[in-house]
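# Report on the structure
Next come the chains, spelled out residue by residue.
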Amino acid sequence: MIRVMLPAHLRNLAGTGSEVTVEIQGPATIAAVLDALEAQYPMLCGTIRDQVTHERRAFVRFFACEEDWSHESTDKALPDVVAQGKEPLLIIGAIAGG
Amino acid sequence: MSGVRVLVGTRKGAFVLEADGKREKWDISGPFFGGWEIYHMKGSPVDPNRIYASQSTGWHGQVVQRSNDGGKTWEPMNNKFVYDGVPGTHQWYDGTPHPWEFKRVWHFEPSLTDADTVYAGVEDAALFRTTDGGTTWLELSGLRGHGSGPRWQPGAGGLGLHTIILDPSDPKRIYIAISAAGAFRTDDGGESWKPINKGLSSPYLPDPTAEVGHCVHHVAMHPARPGVLFMQKHWDVMRSDDAGDNWREVSGNLPTDFGFTLDVHAHEPETVYVVPIKSDSEHYPPEGKLRVYRSRSGGDEWEPLSKGLPQSDCYVDVLRDAMAVDSLDSCGIYFGTTGGQVYASADSGDSWTALAHDLPAVLSIEVQTLK
């Protein structure tokens, strides 16, 4: 089980609390987490990454264990504590006014 | 008993205003999708309880919402808008080539005959259509394939396809307009398109009378007169009597012919409404007085309508999709402002009242007349 923190806009869209959990098969990567998240909440498709290219949307960032994972490969293994559900993967809306 | 439902898209969510046919007491519900930009909402003429909403943010892109119960509850639909083939480039603001990129839906136009068929005008400009209620979207790529796409350029708000008019007398005829490319028409259901900008003149173009490149802000048509079109261009209010083949200016005695929105009276095809805005650099009413102008002669001669509207220190804007009419007798006129007011007139514009004072900036208004 992996814990995922969602930004407010996406909580409202998906009708969830601030944190959701997903189950993944295989290595715990951002790509695997997003695949599971979008399967569980189809309305989130396209809101975090492009639906065709899977490129991260420009104003979305990924944090884990107080590190910025936004520019890491989405196939890189997440820290063990995230994979074990002890720490969440944070999906953050960039500070861009509004 | 008849009633009216006003669909208000704002910078921070959607609102639904409802009244009975007297149009005196209004109930406001919302915000729906709080915090998201709602560029447009529109109901199906076939099934008024079926409403489509365009929801977006710069952070998370486009979401399509659908209601089957008149806006009480909503369901996210498919938001996958993929251009047909290799999209190529359009002009950037400085004239350099810029890749075509999907950003958002500016306008939904539900079919006149099928509640599951909806046209979507998007930025960067293209026309999409669903025939399954929003489950899938396919581009009508003949529009971009017309060949002039590389010469289209964004207006200040982006390269948006903002106007879609379905001809009730000819199901294969559709009009669309793009800022800043101009107006286009198909006569074969969207397979092929032609620019219809003859008569427009835009001094910001190297060739002011070019085939494309005009910043058309909005176009309106009365359903009983499908060959007659009215246009609010960046500057100039225009009219065509031959389905857009030729345009002539009808700005007449307007205090300024810059503006964004316009609409046509529900029962009088020659009665037209505009909201003059001071200039392209000063997006507020001239003299700080919010006035709707009405022509009962299809243009050229205009009268100010100000009863009930602020006549001092008013510096709001009225955006292109932020005016609509109901079809009650007498015709109701509605518009929203960037200051968050929604104004309505139940007497064809003679007098106005504010239905709401303090909403977020209004991006769009649509009206449903309920039987």
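You'll find the structure just up there.
Residues numbered from 1 in each chain as written. Chains lettered and ligands numbered in written order. Predicted model: local features only at pLDDT ≥ 70, side-chain atom pairs only at ≥ 80, totals over all residues.

On to the overall build of chain A. In terms of helices and strands, chain A carries three helices and five strands. Starting at the N terminus and walking to the C terminus, you meet the elements of chain A as β-α-β-α-β-β-α-β. By its C-alpha atoms, chain A is 35 × 25 × 25 Å across when sized along the principal axes. Buried positions account for 31% of the 98 residues belonging to chain A. Of the contacts formed within chain A by residues at least 6 apart in sequence, a portion of 54% connects residues at least 24 apart. (Helix = DSSP H or I, 4+ residues; strand = E, 2+ residues; numbered from the N terminus. Buried ≥ 20, exposed ≤ 12 C-beta atoms within 10 Å, placed from the backbone. Contact = placed C-beta atoms within 7 Å.)

Right, let's get into the pairing of strand β12 (residues 126–130) of chain B. All names here are of chain B. Within β12, four of the five residues are buried, leaving the element largely enclosed by the surrounding structure. If you look at the hairpin formed by strand β11 (residues 118–123) and β12, you'll find two residues sitting between the two strands. Both β12 and strand β13 (residues 138–139) contribute to a ladder of two bridges, which runs antiparallel. By the bridge assignment, F128 is partnered in β13 with E139. (Pairing = 2+ DSSP bridges.)

All names here are of chain B. One open sheet holds the four strands; their spatial order is β18-β19-β20-β21, and the pairing between them is antiparallel. Two strands lie at the open edges of the sheet, namely β18 (216–221) and β21 (248–249), each paired on one side alone. Taken together, the four bridges between strand β19 (residues 229–233) and strand β20 (residues 237–240) define a ladder with antiparallel strand orientation. Across the sheet, the residue bridging to Q232 is V237, located in β20.

Below, the discussion takes up helix α2 (residues 30–40) of chain A. Every buried residue of α2 of chain A is listed here: I30, A32, V33, L34 and L37 of chain A. Here the buried face of α2 of chain A lies against β1 (2–5), β2 (19–22), β3 (60–64) and β5 (89–93) of chain A.

All names here are of chain B. With respect to topology, four strands assemble into an open sheet ordered β22-β23-β24-β25, the strand pairing being antiparallel. Each edge of the open sheet is held by one strand with a lone partner, namely β22 (259–264) and β25 (303–305). Each neighbouring strand pair of the sheet contributes to a mean axis angle of 30 degrees, computed without reference to strand direction. The pairing of strand β23 (residues 272–276) with strand β24 (residues 292–295) spans three bridges and is classified as antiparallel. Opposite V272, over in β24, you have S295 as the bridge partner. (Axes fitted to C-alpha atoms, helices over the stretch in contact; angles between N-to-C directions.)

The peptide bond linking G30 of chain B to P31 of chain B adopts the cis configuration, its omega dihedral lying at 0 degrees. Summarising the element assignment, P31 of chain B is placed in strand β3 (residues 27–32). At E66 of chain A, a position not held by glycine, the phi torsion is positive, near 60 degrees. Mapping E66 of chain A onto the fold places it in the loop between β3 and β4 (67–68). One non-glycine residue with positive phi stands out, namely R23 of chain B, at about 60 degrees. Residue placement: R23 of chain B occurs in the loop between β2 (13–20) and β3. The class of R23 of chain B is buried, set by 21 C-beta atoms lying within 10 Å.

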